[in-house]
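Architecture at a glance
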Amino acid sequence: MYYFVPSWYRRSRTWLSYGQIWFLNNGLIHFAFDDSINQIRMFKDEGKPVKILTLGYFPSIGNFLFRHNILDAESDNIFDQMQGIPEDQVIRNVNYLDFNWPRDCAFVYNGFNILVYREDELYARIRMGVTGNLIQIEFVRLGYKYRTMFFDWRGFLSSILNYDAEGRFQDRVFLNPEGEEVFRSNKDDTITILPAGQANFKQTRYDSMNEMIGEHLDRYLAKNLQPKDTFVIAASRRHDQFLLDRLKGRDCHKVISYYGHRTKFDDPHVFETARQADMVIADSNYISTLMKQNGVKHVLQLPPLDTNLSMGESDRERLLKVMFMVGGLPKEILTEAIHQMFDVMESNKLVEINFTDYAGFDQFSMVKGLIEAELKKRDQTSYQYYFLRSSQSLPEGLEAATGSEEDEEEEKKRVRRINYVTIHSDNDLIKLLKPIRLIVDLSTRPEIFLQVVGISTGIPQINRVESAYVDNGKNGLQIGQVTELAGAMRYYLDGLNNWNRAKMYSVNKINNYTGEKIVKELEEAVRGTE
């Protein structure tokens with residue numbers, strides 16, 4: 001059995017998983033995609049025995065797995081075990097109107113909440129999931145929330161969060177499907193086991209949630225673990241050492257998967273933990289090199305997803321659309337890059353720049369200031385440039401240049417758009433890439449998800465650092481200095497020859513990163529550690 005232990009936790013509280021409120025989720029792509037999701041998907045598609053093991057409190061996990069097309073994978077959750085939720089729990093429909101609301105309640109509906117008022121004063125907020133199921137009811141008194149009820153995706157009240165008079169955390173009570181209170185998490189982080197749950201625990205009080213989860217994880221492993229089972233653990237300071245301590249001495253393979261920017265490598269404990277695993281998976285040259293430099297013996301570099309997407313459609317577009325990744329760039333690098341891109345735009349009327357970053361890292365104002373500063377340095381430009389969010393329209397009466405050759409003078413009277421694009425999810429990124437002709441990512445740690453999707457869609461990429469996914473001069477270019485950017489962009493934007501060669505190279509490179517090959521390589525590497 002392959003056990004996948006994902007890192008689906010909230011930043012603020014150790015054992016709470018992603019928030020159920022999808023429209024308050026800051027839209028970070030790492031909430032929509034990570035290595036575990038695609039590893040589970042690939043292994044499942046290859047017919048391997050797969051089980052998802054989540055350690056955190058995640059009452060909406062069913063919705064999450066459904067959204068990522070892995071709901072049919074077996075899934076176990078330690079909180080289910082602690083709350084006394086049976087494996088064959090029946091899914092029920094919960095209708096908020098069936099609750100005993102005061103008679104004078106008025107329900108006001110909008111796209112995100114159902115607001116409940118009593119005599120023009122907010123009484124409660126009802127929140128629904130993306131599939132229309134009830135996920136939360138938040139009660140309000142004198143402008144402060146005093147109680148929040150959380151509902152499990154299977155249709156029962158899962159926990160009640162209570163607040164003090166000033167809206168601060170007081171305690172949280174966890175329930176079983178019958179509505180009985182099982183245990184309470186207190187303000188001082190201790191856990192009190194309540195009468196309905198005492199048969200399921202060794203103690204009536206725990207000093208921490210860690211202690212209680214550890215007890216039930218040990219019980220789970222004793223019951224389920226078979227010789228030579230493999231644990232693929234998504235790297236997380238929440239559970240790495242916690243899991244390794246409990247797997248120590250057991251006849252199983254322990255693999256830690258490092259993805260993207262999830263891990264802070266300035267912490268020496270990261271490498272201390274990695275050395276205890278049988279093997280680590282690195283998604284980039286950067287992580288692979290760091291691991292080897294710090295004494296990790298078995299390092300396997302693999303992409304976090306397979307390349308199974310369709311080719312891009314930029315060759316059908318008149319405009320040459322460039323995606324420029326803003327994230328992680330120092331101001332001086334971005335300043336020079338903007339200067340270089342204006343040189344390209346001034347010499348090629350078809351080029352359209354799309355500054356791109358992930359939701360939660362909005363840098364629109366900073367980029368706008370740098371663009372305005374660049375335009376001031378230039379005494380004259382061939383076009384009037386407007387920097388806008390992709391959702392914004394040009395001011396009334398203005399037309400965007402289209403690159404038309406029919407009337408050069410008329411074309412110059414039009415304005416050039418420069419867009420700021422926000423990525424909210426992995427699917428969002430894939431759609432955005434469809435019309436893109438060129439990707440530019442000058443960060444010292446390029447976004448691996450973007451690089452692999454770029455290969456899959458046949459889009460050449462420009463980077464400043466070496467990458468296993470971009471071969472210099474083949475499916476992209478590696479530049480030594482930002483001052484080389486304009487030349488690198490022209491290499492792919494002036495004519496189709498170089499761009500077509502890069503596309504064909506990507507078509508062949510795709511075959512290196514199929515789900516079948518990734519699964520086979522990982523299985524062989526695991527066996528090699530025995």
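Our structure's up above, just so we're on the same page.
Below is a summary of the structure that appears in this document. All values reported here derive from a predicted model rather than from experimental measurement. Sequence positions are assigned chain by chain, starting from 1 and proceeding in written order. Only residues with pLDDT of at least 70 get local features here, since the model is predicted, and only at 80 or more are side-chain atom pairs given and counted; chain-wide, interface and lining totals rely on the full set of residues. Excluded from the side-chain calculation are hydrogens and water; included are all heavy atoms of the structure.

1. Examining the packing of helix 5 (residues 209–224) against helix 6 (residues 240–247)
A pair of packed helices is characterised by two quantities: the angle between their axes and the separation of those axes. Note the cut-off: Axis angles are defined between N-to-C directions and span 0 to 180 degrees, where every axis is a line fitted to C-alpha atoms and, for a helix, only to the segment in contact. By definition, any uninterrupted DSSP run of H or I lasting at least four residues is a helix, any uninterrupted run of E lasting at least two residues is a strand, and each is numbered from the N terminus. Each angle receives one of four descriptions, namely roughly parallel if under 35 degrees, roughly antiparallel if over 145, roughly perpendicular if within 65 to 115, and oblique otherwise. Note on convention: the crossing is left-handed when the near helix lies turned anticlockwise from the far helix by less than a right angle, right-handed when the turn is clockwise. What makes two residues a contact is simply this: any of their non-hydrogen atoms within 4.5 Å. Put simply, Ala, Val, Leu, Ile, Met, Phe, Trp, Tyr, Cys and Pro go in the nonpolar bin, Asp, Glu, Lys and Arg in the charged bin, and everything else, Gly too, in the polar bin.
Close contact between helix 5 and helix 6 brings their axes to 11 Å; oriented N to C, the two are set at 40 degrees. One element, helix 5, and the other, helix 6, form an angle in the oblique class. Here helix 5 and helix 6 pass one another in a crossing that is right-handed. Contact residues: Asn210, Ile213, Gly214, Leu217, Asp218 and Leu221 in helix 5; Phe242, Leu243, Arg246 and Leu247 in helix 6. Its residues placed into classes, the contact of helix 5 with helix 6 shows six nonpolar, two polar and two charged.

2. Here's the deal with unusual backbone geometry
Excluding glycine, residues mostly carry a negative phi; peptide bonds, for their part, are mostly trans. A positive phi is found at Asn69, a non-glycine position, where the angle reads about 60 degrees. Inspection of the secondary structure puts Asn69 in the loop between helix 3 (61–67) and strand 3 (74–77). For Asp189, which is not glycine, the phi dihedral falls at a positive 75 degrees. If you trace the backbone, Asp189 turns up in the loop between strand 11 (181–186) and strand 12 (191–193).

3. Quick notes on helix 10 (residues 364–377)
Our working rule: By this rule, a helix spans an expected 1.5 Å times one less than how many residues it contains. Accessibility here uses a 1.4 Å probe with only protein chains present; expressed as a share of the type maximum, an area under 20% marks a residue as buried, one over 50% as exposed, and anything in between as partly exposed. In this description, the arc belongs to the directions extending from the helix axis to the C-beta atoms.
Here helix 10 spans 20 Å end to end across 14 residues, near enough to the 20 Å set by a 1.5 Å rise per residue. Buried within helix 10 are the following residues: Phe364, Val367, Leu370, Ile371 and Glu374. Buried residues of helix 10, viewed axially, fall in a sector of 135 degrees; they line one side. The exposed residues of helix 10 that point more than 90 degrees off its buried face are Ser365 and Lys376. Each element contacted by the buried residues of helix 10 is listed here: helix 9 (331–347), strand 19 (351–358), strand 20 (384–389) and strand 21 (415–423).

4. Here we look at the environment of Gln241
For the record, the criterion: Here a polar contact is recorded for every N or O atom pair within 3.5 Å, except that within protein the pair must consist of a potential hydrogen donor and a potential acceptor, and residues adjacent in sequence are included only if both atoms are side-chain atoms.
Position of Gln241 among the secondary structure elements: in helix 6. Sequence-wise, Gln241 and His298 are 57 residues apart; in three dimensions their C-alpha atoms are separated by 18 Å. Ignoring anything within four residues of it in the chain, the contact list for Gln241 reads Thr273 and Gln276. In terms of polar contacts, Gln241 uses its side chain to reach the side chain of Asp245, at 2.9 Å. Of the polar contacts made by the side chain of Gln241, one reaches the side chain of Gln276; its length is 2.9 Å.

5. As for the sheet that holds strand 11
Rule in force here: Strand pairing is assigned whenever DSSP detects at least two bridges linking the two strands.
Spatially, the ten strands line up as an open sheet ordered 4-5-6-7-8-9-10-11-12-13, and their pairing is antiparallel. With one partner strand each, in any of the chains shown, strand 4 (105–109) and strand 13 (205–206) form the two edges of the open sheet. Across three bridges, strand 11 lies against strand 12 in antiparallel orientation. Bridge pairing in strand 12 places Ser185 opposite Ile191.

6. With respect to the pairing of strand 8 (residues 144–152)
For strand 7 (residues 134–141) and strand 8, the ladder comprises six bridges, and the chain directions are antiparallel. When the sheet's bridge partners are listed, Val140 is paired in strand 8 with Lys145. The hairpin formed by strand 7 and strand 8 contains two residues between the paired strands, and Leu142 there has a positive phi angle of roughly 55 degrees. The sheet contact formed by strand 8 and strand 9 (residues 156–163) spans six bridges and is antiparallel. Looking at strand 9, one finds that Asp152 is bridged to Phe156.

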